[in-house]
Structure formats: C-alpha cells, structure tokens
Amino acid sequence: MAPYEIPASELVDLSRNSFWISAASIAFNPLFWNIVARQEYHNKILTNLFGGRRQTACYALAATIFCLGLVRDFLYERALRQQPSYPLLEQPESKWLAYGLIASGNVLVLSSTWALGITGTFLGDYFGILMDDIVTGFPFNVTDAPMYYGSTCSFLGTALLYGKPAGLLLTAWVFAVYQVALTYENPFTAAIYAKRDRERAAKGEGKKVR
Ligand SMILES: *[C@@H]1O[C@H](CO)[C@@H](O)[C@H](O)[C@H]1NC(C)=O
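As the structure is a prediction and not an experimental result, all values here were calculated from the model.

Visitor: So what's going on with the packing of aromatic side chains? Which residues, and what values?
Guide: To describe a pair of aromatic rings, one takes the distance between the centres and the angle between the planes. Summed over all chains, the structure comprises 9 aromatic pairs. When the ring centre of Tyr184 is taken as origin, the NZ or CZ atom of Arg38, which lies over that ring, is 3.8 Å away. The ring of Phe188 is capped by Arg38, whose NZ or CZ atom sits 3.8 Å from the centre of that ring.

Have a look at this one:
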C-alpha cells in the first residue's frame, strides 16, 4: 500500500476518550464565559462576590478564562499525541505552515489583548466597564474577532505540527463553536454599547436644555 493510501477510518481514532474530552473542553469554555458573563450583566453575581469591586471581579474572570484556555490546550495536545499521524502532514512544508499559523494566531491574540486591555478583552462590557471608543486599528482592521480567529489559527497550526488529521477535525469544531459564540455574543455586546450611546445622547440633550 502506498504511504498516502490510508483508509478514512484510520485517520482519526474516535475510540479515544481523550479526543472527546478535548472536544468537550473546546465547547465548554465559551459556554462557561457566556453563562457567567450574562449572569454578571443581569444579576451582578461576580461583582457581588468581590464585594462590589467590578474591576477586580472582571480580572478574576479573566484569570479563570485564561486558565481554562491552558487546560483546553493541554487536553488538545494530549488528544493529538494519542491519534494516528498522516504522512502528508509530516512533510517539512506542513511544518513551516504550522509555525506560520501558530505565529499569526499568537500575533492576532496578543495584539488584540494589547489593543483592548484586559477588561476590554475579557468581557468587561458585561461588568459595565465599557471602552470609550470602538478600536479600529490592527488587528481589528484585519478581522472583527481576532481572539477567535487567532485561536483557531493556533489550533490548526498545532494540528499540522503534530501531523494529525484528528487535529484538523478538532480545529473545525473550534471554528464551529466560535461561530456560534459570535452570533450569540455580538448582538448582545452591540446592544450594551447602543444603550450607553443612548444614555450619553440623553445626557447631552439635558445639558443643552439647561
Ligand atoms: C491595519 O492597521 C495597521 C496600523 O494600525 C496598518 O499598518 C495595516 O496596514 C492595516 N491593515 C489593513 C489590512 O488595513
């Protein structure tokens, strides 16, 4: 059998628990932060937990999300190590592409965090900590969701680095999960800022009358 002729059933080993645990952790993270952030927005659960200090509460959520991300990355790499490799993905070209993707993914994630700050990156708007203006410079002139697309690039790069088709499948799952998250988050964030703009406009009107 030629090296590239591998039956599809042997590309990805679905009998490995680690594969499904990784898939679950990929879906769990955005689910977790959306549930917690909406609870914060409606009931101020985190701000109350931190004695009314919303800045501290937001930093605590940021640290939690960051740690969950590390756990997810650990579970992903563990899953990949237990999966079959694919010769085509083990060529040097594939490795170079992998390094390029991981580097661009990190650039997107880090520059986005740099542009937005910690509270801007980690759901500060749900805590009432709003940005003064919409950030339009890099990386937001390249993509509207640099955190999500940057993270997806890193997953894809890691899949290629390990040479594992299972990684490509999990990356597609990451992409799908983030698409769902975006359609859930974007209208909500837009509504938070629209409300702030209405309040600002109302205050401006009040001043003019006086
Ligand atoms: C995005 O903005 C940066 C400066 O912040 C600029 O250097 C870059 O060329 C812009 N990219 C695009 C695609 O507009």
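Visitor: I'd like a description of the nonpolar core, backed by residues and values.
Guide: Within soluble globular proteins, side chains that are nonpolar generally end up buried alongside one another. By size, the foremost hydrophobic cluster in this structure holds 33 residues, and its most contacted members are Leu61, Leu123, Phe127 and Tyr148. Of all the secondary-structure elements, those providing two or more residues to this core are helix H1 (17-43), helix H3 (54-81), helix H5 (146-162) and helix H6 (165-209). Residue contributions to this core peak at 9 residues, all from H6. Residues Tyr86, Leu89, Ala98 and Leu160 belong to the second largest nonpolar core, which totals 5 residues.

Visitor: Before we move on, could you go through the state of the cysteines and cite the residues and values that matter?
Guide: Summed over all chains, the structure comprises 0 disulfides. Cys58 forms no disulfide, and the closest cysteine sulfur to it belongs to Cys67, at a distance of 15 Å. Of the residues examined, Cys58 reaches a relative accessible area of 0% and is grouped as buried.

Visitor: Describe the environment of Ser25, with residues and values.
Guide: With respect to the helices and strands, the residue Ser25 is situated in helix H1. According to the relative accessible area criterion, Ser25 is buried, its value standing at 11%. Residues Ser25 and Thr113, 88 residues apart in the sequence, show an inter-C-alpha distance of 22 Å. Not counting chain neighbours up to four residues away, the residues in contact with Ser25 comprise Arg72 and Leu75.

Cut-offs used in this document
Residues numbered from 1 in each chain as written. Predicted model: local features only at pLDDT ≥ 70, side-chain atom pairs only at ≥ 80, totals over all residues. Heavy atoms only, no water. Phe/Tyr/Trp six-rings, centres within 6.5 Å; stacked < 30°, edge-to-face > 60°. Lys NZ or Arg CZ within 6 Å of the ring centre and 35° of its normal. Core = buried A, V, L, I, M, F, W, Y, C linked by side-chain atoms within 4.5 Å. Buried < 20%, exposed > 50% of the residue type's maximum accessible area, 1.4 Å probe, protein only. Helix = DSSP H or I, 4+ residues; strand = E, 2+ residues; numbered from the N terminus. Disulfide = S-S within 2.5 Å. Contact = heavy atoms within 4.5 Å.

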